[in-house]
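Structure at a glance
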Amino acid sequence: ASTFSEIAARRAIERVNASGLLRVASVSEAHESRRPPEGLNTVRLLVAGSKAMGMSPKQVMKTAEALYSQGLISYPRTETTKYDPTGFDARRLLSEHTSHPEWGKTAAHLLRTKYKSSGRPPTTGRDAGDHPPITPTGRAATREQVGGGAAWRVYEFVARTFIGSLADELTFTRRKVLFELDDGRMGGGGGGSGRGGGSRGGEPAERFVHEDTQVDS
């Protein structure tokens, strides 16, 4: 069972409180990292629409083009994922998002740190020679201003991907703890040699896994 499930977690607590003995069988840690996304192009927007927004490619493009017509995002048909190193000012666009209720704090943090003195964008990605990556334009819009629904899902993805693409690599530690439960039904009976380790030579009544993630930087 996994403590990602609230039901499984509550069941484990109830059994331990009733009569069981719980011990930590193992603890493991893994250090991982995630590179920031590159600038957003049409293909990735369509994939996200299908996997995360529940929208067909046709619906995504119709919505994105409507947002473009309203001046909320840049032209949504492009293969390029690299920002123009000389013509794109990350500071200027980030500054339009610092007061946004959902991602304003992240934009403000980037302005205070990585983009404190320069608006030069990341150099990763591919320049396909067409339009620049898809980004929000002008002042950030709220859910209510966009209109909610499909329009908000697309706009939110564009904005969050843009801000994420300007961030540094994320490093984090993933910790996994394995708990073993002896509820007294095994050979150890819940006392004596069974304390802290379950029955002698027997299997624990149940195992529970807890995982957590801590951001390093």
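For the structure, check the block above.
Structural notes, computed from the coordinates. (Residues numbered from 1 in each chain as written. Predicted model: local features only at pLDDT ≥ 70, side-chain atom pairs only at ≥ 80, totals over all residues. Heavy atoms only, no water.)

**Some thoughts on the sheet that holds strand 3 (residues 206-215)**
The strand order across the open sheet formed by 3 strands is 1-2-3, and the pairing between neighbours is antiparallel. Since the sheet does not close on itself, it has two edges, and those belong to strand 1 (21-34) and strand 3, each with one partner. Geometrically, the sheet is characterised by an average inter-axis angle of 15 degrees between neighbouring strands, direction not taken into account. For strand 2 (residues 170-182) and strand 3, the ladder comprises 10 bridges, and the chain directions are antiparallel. Counted as the bridge partner of Leu 178 is Val 209 from strand 3. In this fold helix 1 (residues 6-18) packs onto strand 1, strand 2 and strand 3, with an angle of close to 125 degrees to the strand it touches most, strand 3. (Pairing = 2+ DSSP bridges. Helix = DSSP H or I, 4+ residues; strand = E, 2+ residues; numbered from the N terminus. Axes fitted to C-alpha atoms, helices over the stretch in contact; angles between N-to-C directions. Contact = heavy atoms within 4.5 Å.)

**Considering the pairing of strand 2**
Bridge count for strand 1 against strand 2 is 13 bridges, and the pairing is antiparallel. In the sheet register, Leu 21 faces strand 2, and the bridge partner there is Asp 182.

**Quick word on the packing of aromatic side chains**
Under the defined criterion, the tally for this structure stands at 6 aromatic pairs. Here the aromatic rings of Tyr 68 and Tyr 75 are separated by 5.3 Å at their centres, their planes lie at 75 degrees, and the arrangement is edge-to-face. The partly exposed category is assigned to Tyr 68, whose relative accessible area is 40%. In this structure Tyr 75 comes out as partly exposed when scored by relative accessible area, which is 31%. Pairing Trp 152 with Tyr 155 gives two aromatic rings, centres 6.1 Å apart and planes at 40 degrees, and the pair type is tilted. Remark: Tyr 155 and Trp 152 occur in helix 7 (residues 149-165); sequence separation between them is 3 residues, near one turn of the helix. Members of the aromatic cluster, each reached through a chain of ring pairs, are Tyr 83, Phe 88 and Phe 162. (Phe/Tyr/Trp six-rings, centres within 6.5 Å; stacked < 30°, edge-to-face > 60°. Buried < 20%, exposed > 50% of the residue type's maximum accessible area, 1.4 Å probe, protein only.)

**Quick word on the packing of helix 2 (residues 42-51) against helix 3 (residues 57-69)**
The contact between helix 2 and helix 3 brings their axes to 9 Å, and the two run at 120 degrees. As summarised for this structure, helix 2 and helix 3 are arranged oblique, according to the angle between their axes. As helix 2 runs across helix 3, the sense of the crossing is right-handed. Counting all contacts with helix 2, which are made through Thr 42, Leu 45, Leu 46 and Gly 49, the residues of helix 3 involved are Pro 57, Val 60, Met 61 and Ala 64. Of the residues contributing to the contact of helix 2 with helix 3, the split by class is 6 nonpolar, 2 polar and no charged. (Parallel < 35°, antiparallel > 145°, perpendicular 65-115°, else oblique. Left-handed = near helix turned anticlockwise from the far one by under 90°. Nonpolar A, V, L, I, M, F, W, Y, C, P; charged D, E, K, R; others polar.)

**A word on the pattern of salt bridges**
Taken as a whole and assessed by the stated rule, the structure comprises 13 salt bridges. Close ionic contact of Arg 175 with Glu 29 constitutes a salt bridge, the shortest N to O distance being 2.9 Å. Of this pair, Arg 175 sits in strand 2 while Glu 29 sits in strand 1, and the two are 146 residues apart along the sequence. When its relative accessible area of 24% is taken as the criterion, Arg 175 is described as partly exposed. For Glu 29, a relative accessible area of 46% gives the class partly exposed. One salt bridge connects Glu 32 with Arg 174, and the closest N-O pair in it is separated by 3.0 Å. Placement of the pair is Glu 32 in strand 1 and Arg 174 in strand 2, with a sequence separation of 142 residues. When its relative accessible area of 24% is taken as the criterion, Glu 32 is described as partly exposed. (Salt bridge = Lys/Arg side-chain N within 4 Å of Asp/Glu carboxyl O.)

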